[in-house]
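# Topology and contacts: notes
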Amino acid sequence: MTKFSDLNLNPKVLKAVEEAGYETPTPIQAGAIPPALEGRDVLGIAQTGTGKTASFTLPMITALARGRARARMPRSLVLCPTRELAAQVAENFDIYAKNVKLTKALLIGGVSFKEQDMLIDKGVDVLIATPGRLLDHFERGKLILSDVKIMVVDEADRMLDMGFIPDIERIFGLTPFTRQTLFFSATMAPEIERITNTFLSAPARIEVARQATTGENITQGVVMFKGSRKDREASEKRRLLRALIDAEGDKLTNGIVFCNRKTDVDIVAKSLKKYDYDAAPIHGDLDQSQRTRTLDAFRNGELKILVASDVAARGLDVPSVSHVFNFDVPSHAEDYVHRIGRTGRAGRDGAAMMICVPRDEKNLADIERLVQKEIPRIENPLKDTAPKAAESEDEAAPAPSRSRSRRSSPKSDEVSVKKDGPKRDGDKKESDKPSRSSNSKPPRERRADRGPEVVGMGDHMPSFIALSFEDRRAS
Ligand code: AMP
């Protein structure tokens, strides 16, 4: 078996790797490091969790250990699709380059240009950036890319999903033709194939096996769920999510709830918080300091539930997550693999649960085809416990006076999502907790005391308004 010491790495880099506790290279490292050290282009088909970050950082540090950067002319460039991934790559550089004198700068949105400009002005060996931010600096005339000797594109398939391919092509064009390119992607979509054919020169192609998708140590399950009414589906789904979380009890030490859309990330996080769960959202529209704070809190165990979009969570290295909840069935089957791969890491036990509404059944079938296994159906924990008349999210809901409650006070029923709120038509705000305005009791208490409280009716409310309705459709 290959060892790191067989790979011809700079002795100082080797020492840092050993100090990090790694002896044996992973398959992508064993495959990519030797050709990268020879100066060849590399096409690595590997996903997060395979050790791919070290497979490009180690040869880069080795190659850059000699020589110095000139002002505004970085010697290498690493492009990442998200700020978090860029920050993670930067952390890897710090670990592996600690015995070597190299300077680096991280160019990501949400950080002031001034600070970044100062670093670039001094000259950096390694520039780690998201494509948009890099081009912003370039257009401001602060950056010269003609001295780039090594360029890395990380998670190219995610770049494609995020619409960054034109930016990547432009950046390729701004760097010298003679540069070395290390290009990584989990999948090879036709557009990615085209880019690699255009910009890589006779690359060494290293493809590593997909991560074990359905590791024995991850308990998986899916609840097939249909809302009692279309307009109640979203809030009932959130109620089901809470029931799934509750059912796990102490087994849940920390978990990630994945939603397909950013707007739902906000709504679900807000809803959980309202019900006293320790939850916070993370997605690309939140400002950088908030994202960093939330992630740090989750990593340190101060935050129990992270509600996330795929992009924000992709590639994040949180070593132990006990549970993954898929609030939505992901529309790309591959994302299911990435999502559940957040739990059950390093042989630990993990649980991955998903909610599937009828319109997502096709996506569920795609996932089962990909993982070549049926995901066990699990019982809806709310089955038989849901009161007939109040199947909506909050059983303490005042019995809705059908026409009035919806028309007269819809605003107070919403989970308000301000800055990052729903933007698309399909992202309507939904009823989450029907009466908030005059009720100061915590939600759990209110759920228990099922007494009807109707808001906005004044003191003299006719008693029939407070009666609950029979669900006639159910009988
Ligand atoms: P990556 O795919 O680069 O995100 O790496 C996933 C995880 O594997 C990170 O926590 C790395 O620190 C860890 N790792 C990287 N290389 C090795 C190695 N050779 N042996 C064990 N773990 C590694």
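Look above for the structure.
Structural notes, computed from the coordinates. Here the structure is a predicted model, which means the values were calculated and not measured. (Residues numbered from 1 in each chain as written. Predicted model: local features only at pLDDT ≥ 70, side-chain atom pairs only at ≥ 80, totals over all residues. Heavy atoms only, no water.)

Because an α-helix completes one turn every 3.6 residues, residues spaced three or four positions apart along the sequence face the same direction. Taken residue by residue, helix α2 (residues 27–37) has Ile28, Gln29, Ala32, Ile33, Pro35 and Ala36 as its buried positions. Of the surrounding elements, those touching the buried residues of α2 are β1 (42–45), α3 (52–64), β6 (180–185) and β7 (204–207). A positive phi of about 90 degrees marks Gly39, the residue just after α2. (Buried < 20%, exposed > 50% of the residue type's maximum accessible area, 1.4 Å probe, protein only. Helix = DSSP H or I, 4+ residues; strand = E, 2+ residues; numbered from the N terminus. Contact = heavy atoms within 4.5 Å.)

Moving on, we get to the side chain of Asn363. Topologically, Asn363 is positioned in helix α15 (residues 361–371). In this structure Asn363 touches Val329, Pro330 and Ser331, once residues within four positions along its chain are discounted.

What follows is about the sheet that holds strand β4 (residues 126–129). Read from one edge to the other, the open sheet built from seven strands follows the order β3-β4-β2-β5-β6-β1-β7, with strand pairing classed as parallel. On the outer flanks of this sheet lie β3 (104–107) and β7, each paired with one strand and no other. For this sheet the average axis-to-axis angle between neighbouring strands, irrespective of direction, equals 10 degrees. Examined bridge by bridge, strand β2 (residues 76–79) and β4 share four bridges and lie parallel to one another. The residue bridging Leu79 from the neighbouring strand is Ala129, located in β4. (Pairing = 2+ DSSP bridges. Axes fitted to C-alpha atoms, helices over the stretch in contact; angles between N-to-C directions.)

Take the packing of helix α8 (residues 165–174) against helix α9 (residues 190–199) next. Interaxial distance between α8 and α9 falls to 12 Å at its minimum, and their mutual angle equals 5 degrees. What the angle tells us is that α8 and α9 run roughly parallel. Packed against α8, whose contacting residues are Ile165, Glu169 and Phe172, the element α9 presents Glu191, Ile192, Arg194, Ile195 and Phe199 at the interface. Among the residues forming the contact of α8 with α9, the class breakdown is five nonpolar, no polar and three charged. (Parallel < 35°, antiparallel > 145°, perpendicular 65-115°, else oblique. Nonpolar A, V, L, I, M, F, W, Y, C, P; charged D, E, K, R; others polar.)

Per the counting criterion, the structure on display carries two aromatic pairs. Measuring from ring centre to ring centre gives 5.4 Å for Phe56 and Phe184, while their planes differ by 45 degrees; the resulting arrangement is tilted. Of this pair, Phe56 sits in helix α3 while Phe184 sits in strand β6, and the two are 128 residues apart along the sequence. What makes Phe184 buried here is its relative accessible area of 1%. Ring geometry for Phe172 versus Phe199: centroids 4.4 Å apart, planes at 5 degrees, classification stacked. (Phe/Tyr/Trp six-rings, centres within 6.5 Å; stacked < 30°, edge-to-face > 60°.)

Everything listed here is a matter of geometry and, on its own, says nothing about what the molecule does.
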